[in-house]
Structures are given as structure tokens and as C-alpha cells.
Amino acid sequence: MIVPVTLATQSLDSASTYVSFGDEPIEAVRLLKPFEEGGFGLEELMIDFNRKLTPYGQVTEIVDRLLDEEVIPSSKVKLIPMVPARGAGGLRKTAILHSIIEANYAAYGQLNDSVVSEVIHPVCGSVRDLVRVEANFNIIKNYVLESTLTPVDMGDISLIPALEDLKSLIDAAKIVSEYVHSRRTMLATESEVLRVYLGRDVPSVKAGMAASTIAVRLALSDLAETSEKLSVAVHPILESGSLPLKGNLNYESVNSFMETYGGASTVTIQSSMVYDSSQRKTADLVRCLKDSLQGRRPPCLSGERGEVLEVISVFSAAYVEAISKIYGLLESLAGLIPDRRESLHNEKVKVNAEELSLPTRDKGRKGKGGRPPVHSFTLPPPVKYVALMYSLGVPPEIVGVGRALNMLSQTGLLDRVFELYYPSIEVDVSSAWRYLCLEAAGKVFPESFISDVKEDVKYIREFLDPKDDFSVSHRALAMMISEYVALKVIPEKQLRSSEVKEFVRNSTLEEAVRQIILQAGCIRGALG
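The paragraphs below set out a description of the structure included in this document. Only a predicted model underlies this, so the values are computations on that prediction, with no experimental measurement involved.

## Comments concerning the pairing of strand β1 (residues 6–9)
- Burial along β1 is two-sided: T6 and A8 and L7 and T9, pointing in opposite directions, are all buried.
- The sheet contact formed by β1 and strand β8 (residues 266–269) spans 3 bridges and is parallel. Paired with L7 across the two strands is T268, which belongs to β8.
- Sheet topology note: the β1/strand β2 (residues 44–48) ladder contains 3 bridges and is parallel. Residue pairing for β2: T9 is matched across the bridge by M46.
- Crossover connection from β1 via helix α1 (residues 24–32) to parallel β2: handedness right-handed.

## Here we look at the packing of helix α9 (residues 209–230) against helix α13 (residues 305–323)
- Relative orientation of the contacting elements α9 and α13 amounts to 160°, with a least axis distance of 8 Å. With respect to α13, the axis of α9 lies roughly antiparallel. Read as a crossing pair, α9 and α13 show a hand that is left-handed. Taken together, the residues of α13 that come into contact with α9 (itself represented by A210, A211, I214, A215, L218 and D222) are R305, V308, L309, V311, I312, F315 and S316.

## Describing the environment of S20
- Tracing the backbone through its elements, the reader meets S20 in the loop between β1 and α1.
- Taking the C-alpha atoms as reference points, S20 and R340, 320 residues apart in sequence, are found 8.2 Å from one another.

## Looking at helix α7 (residues 172–187)
- Relative to the 22 Å expected for 16 residues at 1.5 Å per residue, α7 spans 21 Å between its end C-alpha atoms, a close match to the ideal helical length.
- The set of residues buried in α7 consists of A172, A173, I175, V176, S177, Y179, V180, S182 and R183.
- Those residues of α7 that are buried are in contact with α5 (127–146), β5 (158–163), α6 (166–170), β6 (193–198), α9 and β7 (233–238).
- Remark: A188 follows α7 within two positions and exhibits a positive phi of approximately 55°.

## Notes on the side chain of S227
- Among the secondary structure elements, S227 is positioned in helix α9.
- The class for S227 is buried, based on a relative accessible area of 18%.
- Among the polar contacts made by the side chain of S227, one reaches the main-chain amide nitrogen of V234 at a distance of 3.4 Å.

Conventions used here
- Residues numbered from 1 in each chain as written.
- Predicted model: local features only at pLDDT ≥ 70, side-chain atom pairs only at ≥ 80, totals over all residues.
- Heavy atoms only, no water.
- Buried < 20%, exposed > 50% of the residue type's maximum accessible area, 1.4 Å probe, protein only.
- Helix = DSSP H or I, 4+ residues; strand = E, 2+ residues; numbered from the N terminus.
- Pairing = 2+ DSSP bridges.
- Right-handed = clockwise from strand over helix to strand, strands pointing away.
- Axes fitted to C-alpha atoms, helices over the stretch in contact; angles between N-to-C directions.
- Parallel < 35°, antiparallel > 145°, perpendicular 65-115°, else oblique.
- Left-handed = near helix turned anticlockwise from the far one by under 90°.
- Contact = heavy atoms within 4.5 Å.
- Expected span 1.5 Å × (residues − 1).
- Polar contact = N/O pair within 3.5 Å; in protein donor to acceptor, adjacent residues only side chain to side chain.

Below is the structure:
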């Protein structure tokens, strides 16, 4: 099996371009067309029904457009829908499946094959439930195809398990092993090849950049070992974006990215890489990935598991301790961030501090990560959260990192972080550091949070020594945004001046601030 390197996503993170559902089939053509024909030469396209309320018939619409433009069958591209998790309702999944069957039927005459043969499905609850979904998908598929005027024999649809939280990444080997064994016993099917989707957006928002990066590296290490044990070719798909919180996948950092995530077979190419960077840079990035991503040695962390979990716990605790002080403020401001796609779910990210306090090497003792709050809280959806933090002068990548590094230096684990667990931490922190603006942040965030960030800055300077090569234009925009937000967050009853009240209520001004937020996103190469 030839495993594609690039998976295009019609994601929500572009600062420069809004794309409607009606435009997505046209966009798909451009993403999947070869370089020589003016496209981006990407090999697969994810159709997201999980984070967006994408119309049921979108799979068919995109396939029809690809057939009309002769992208199919001239290129052997594939479409991979991502369906909602278990709690999203069976009727929506069934409607999506019917669209997949219809699209495959339309393409079969020209391909003699399916254009959709895999579906990404989040892992939630029992792994056996996931196998039941796969069985039911194919029962429905076979029934529909047998009922057509011209029956065709199409292969079964396989599921790609999606690991979208920190615990799932840490337990990746266990989940995959259970999935392979469950398919064998429940479907009488031997898994020769298995693709696994490793999420970054949600784990990074919940636990911070450093904790999620190390968890992904642990997953890559464990999956390589599990692949050998099971005699199954396991091919991880890594959810990636251009900002450091999502992997720092961009033209300037591609070599560091590939070294950090050795063992990944496929990476996502998000909308910000297509619209917020030059086409030449994106084309060069894609060529580099196709030439050099696959075949790299994965991290070797399995033998250090207890210590790895302790390091993850230290980073996540320091991050959550700070973010728990501003979650209400962030939720109240989420509406300032413009939507870049239609009909988003806009589901909040639930953070449970207790879930992030992981067992460590000392027989279940909780990690020494400081004093994470015991309560749970919610944050805005990933793109809105990241955009807000950057727009107000605090890149989320630096939150908790300095204090965690200081704590790790006291426990003798600091060198292990730099040498083994997260060798590219300096590169990633430095990429975000350019957009730090404490002056802007101080106008909006409470002193308790600013104190944590200042401490992070102090220790980052001590242990990582980033260059103070700040983006002047981004800092100027952050100052303008923070001036407006500082007034907006004051309760109206406390605003004594009628002039100030009118200023805050002015919808034209708010729209101007939203446009400034988009301009700041364009400068850093992604909205969030």
C-alpha cells in the first residue's frame, strides 16, 4: 500500500480567506490538482463533518466537481470524511454514509474503484464500539449497493481511529492493540495496514504545546513498537498546522518538524498553509514533505514511560494553572474572532485539571507539576482560543513553559527534555516568541495571570535564550486590539462616561477590530 504523505483539510484557521460550503468543491480541485496544472499537488482531502456542520451531500458535490475537472481519474486522489463522535447522533452519520456511497457509485464507472475507502472516526468510549460502527457502515453500504439498478461490488469502508485528547495519545498503543484484536474477533478481519489519526488542536489547547508535543512523540514511539508486535503496518496521520502549538509545520521550520515527528506517515495541510503563505512556499513545503517525511526513525521513548509522563504532567500543570485564571475572560471575547468557514460547531474545549495530573514513575504518584486547580473549566474552540491569545499579546505556546522548565531543572529532568523528550522546544518557543507583547497583555488580563506569564518569560530567557526579534507590526496591532478589549470587558454599569459607552457599543468599531485581528493573523501566517 502506498501511503499518502499529505492530507488537505478545509480547516478554520486561515486569516486571509473566508470559504463557504459552496466554494469548497472548487477549493478541492485546486488542492488536489498537480503542481504542473496550477494546484498544490496534495494527495488526499479530508471532508470535516466533525468540527463543521458540513452539508450531508458535500462528499458527492466534491466528487462531481473533481470528475468534471478531470482531477479524477487522472490523479489517484482520495477523499477521507471525518464523521462526528458517538454523541453526535446516528441519523447524521447515516446521512453522511449515504453521501459517501453515492459519491463512490458516481466515481466507480471511471475508476473501477472507490474514491472514499476510509473514514476518520474519533475514539470515544469502548474500542469495540468503534468496530461496531465499522461493521454497521458496511452493512448499510452493502444493502444500498445491492438495491441499485446496476449493483457494483465495492470494497468495504475502513475506519481510521482518531485520538483527539491527551489521554488517548498517551494510550495510543493500547487503543490500537485493542482495535486490531476487536476487528479480528468481531469482524473476522485481519488488519494488515492501519492508519491512526493523531490530533493536536484539542490536546494543545487543553494541556499546552509542550505537553501535547511530548504526548504525540510518545504515541509515535509506542505505535512503532506496537506495529512490530502485531505485525501490522501502522501509519500515523499527524494533525499539523503552521503555528508552533500545532506542530510548527511551515516552510521555514519543516526540517525541525520532520525531525521532531519521525514515524509520522501523513501530515495535514491546513488552510492557513494554503492561503496565508505564498503558493511557492507551500509548493516547496509539500515537495519537501513528499521527499523526506516517510521512513524517518520514530522517537524511542517507550522505555522511559514513567519519566515521560512526569514531564508531561509538569508542563500541563504549569499551563493549566495559568489558563484557569482567564478562561471566563476568553469565553466572553470569543465572538470577536471572525469565522472563516460556514456553520461551525463552535464547541467549547472542556479542561479537567484532574485528568491532566498523570501517574508517574513512582507507582501511581501524581506528577510534581505544581498546584493545578482541581476544578474543570471550558475554553473557546481551538482557533478562536489561539487567535485571542496571540491578538492580546500572549502566544499560548509560552504559557507554563518557563515555570515548567524551572521545576524540571530542580528535579534533574531538564537535560532529558532537551536531548530526548522535546529537542525542538527552543525552535518552537522562538517561533512564537516574536509575537509576545506584555504591554498589550497587561491592559486586559488579570495580574495573577500576568504574574505567571512574566515568570514564564524570565525562565524561558534563562533556559532557552530566544532572540528578542519581535514583530513590530504585530505588536502595534496587538496594542490596538487590547485598548479596545480593555474597555469592552469592563461591566457597562462601571462605565461612567456616556462617550465611552457609545464607543464600546459601536458595531462599526467592533467590526474594525475584527479586521485588525485578521491582519495580525496574516502577519503570523494563521488565524489560530
